[in-house]
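Here is how the chains run, residue by residue.
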Amino acid sequence: MAIEFLKGHGTQNDFVLLPDPAGRLDLTPGRVAALCDRQRGLGADGVLRVIRSEALGLHSDGEWFMDYRNADGSLAEMCGNGMRVFARYLVDTGLAREREFVVGSRAGDKPVRVHADGLVTVRMGPATITGSSVAMVGDRNFSGVAVDVGNPHLVSIVDEDVDGLDLREQPRYDSDFFPEGVNLEFVNPRGEGALRMRVYERGVGETRSCGTGTVAAVAAALHLAGTDTGESTVDIPGGRVVVIMDHGESTLTGPVEFVARGELDENWWAAQA
Ligand SMILES: N[C@@H](CCC[C@H](N)C(=O)O)C(=O)O
């Protein structure tokens, strides 16, 4: 069986897409990790399996389900940039006949809109403040706001330039507070309605963008300013996205690009099981 793939990214958060409408692929954690490996695989921050909701057996009002996996093979509830790439793929290939539709995810159904200029908006749903905790980078502690965007985040708004932080190693965090792990965002305010962010993603490492992370960053910044409504650009190393918060409900808008498509080598795939 030929196994088709595409490579695409949203603000350089990059993904291997595996079109698998009927759910025939045996997508093991080992195969996901091998695909995402930048030396022995295609290289990516995660895998997006394009599968019909009914084939996955998970409830969704959407025909299609974003079956997202982190680069280490683990499952995550939601991926905002992945959802943008996924929605564009469905429209570009004609698998979605409208530009506005719903896609299933493990964090629930997400309404998406693919604009005529190729930008994609995702209604990400609630960004819920769940408390406060501390991230540790080297010997420094950064207090942060915990935010649930379907997946867990800890957002530290810091005075020093985030570009100077050493994020080669996983920052430490309170595993009692985050028993399932956490995505860690470090943020500099850049004036009214503008943030700069770096992120260390659970199950991946530092990435050049994280859609749920940008939503968490804006929710945290607004929370510290005493509100849950506002709009902000978020500059990440891979580009810029726009987040709108309306009484705690969020949307994420940004660009998508496809890079390549092809077929996996069947012998390589079989050897990764
Ligand atoms: N890059 C994603 C987030 C992917 C999931 C995350 N690593 C987790 O484990 O929660 C995004 O764009 O939101």
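What counts and how
- Residues numbered from 1 in each chain as written.
- Predicted model: local features only at pLDDT ≥ 70, side-chain atom pairs only at ≥ 80, totals over all residues.
- Helix = DSSP H or I, 4+ residues; strand = E, 2+ residues; numbered from the N terminus.
- Rg over C-alpha atoms; globule rule 2.2 N^0.38 Å.
- Contact = placed C-beta atoms within 7 Å.
- Core = buried A, V, L, I, M, F, W, Y, C linked by C-beta atoms within 7 Å.
- Buried ≥ 20, exposed ≤ 12 C-beta atoms within 10 Å, placed from the backbone.
- Domains from an automatic or database assignment.
- Nonpolar A, V, L, I, M, F, W, Y, C, P; charged D, E, K, R; others polar.

A few words on the overall build of the protein chain. Of the regular secondary structure elements, the protein chain holds five helices and 18 strands. Taken over C-alpha atoms, the radius of gyration comes to 18 Å for the protein chain, in line with the 19 Å a tight globule of 273 residues would show. Overall, the protein chain is about 55 × 40 × 30 Å in size when its C-alpha atoms are taken along their principal axes. Of the contacts made within the protein chain by residues no fewer than 6 positions apart, 64% connect residues no fewer than 24 positions apart.

Before going further, it helps to spend a moment on the nonpolar core. Judged by nonpolar contacts, the single largest core of 74 residues is most densely connected at Phe 86, Ala 217 and Val 218. Of all the elements, helix H4 (residues 211-224) adds the most residues to this core, at eight residues. Among the domains, domain 1 (4-119 + 256-271) and domain 2 (126-254) are the pair contributing at least three residues each to this core.

In terms of domains, the protein chain is made up of domain 1 (4-119 + 256-271) and domain 2 (126-254). A separation of 23 Å is found between the C-alpha centroids of domain 1 and domain 2. Taken together, the 21 residues of domain 1 in the interface contact 20 residues of domain 2. When its residues are assigned to classes, the side of domain 1 that touches domain 2 shows seven nonpolar, 10 polar and four charged.

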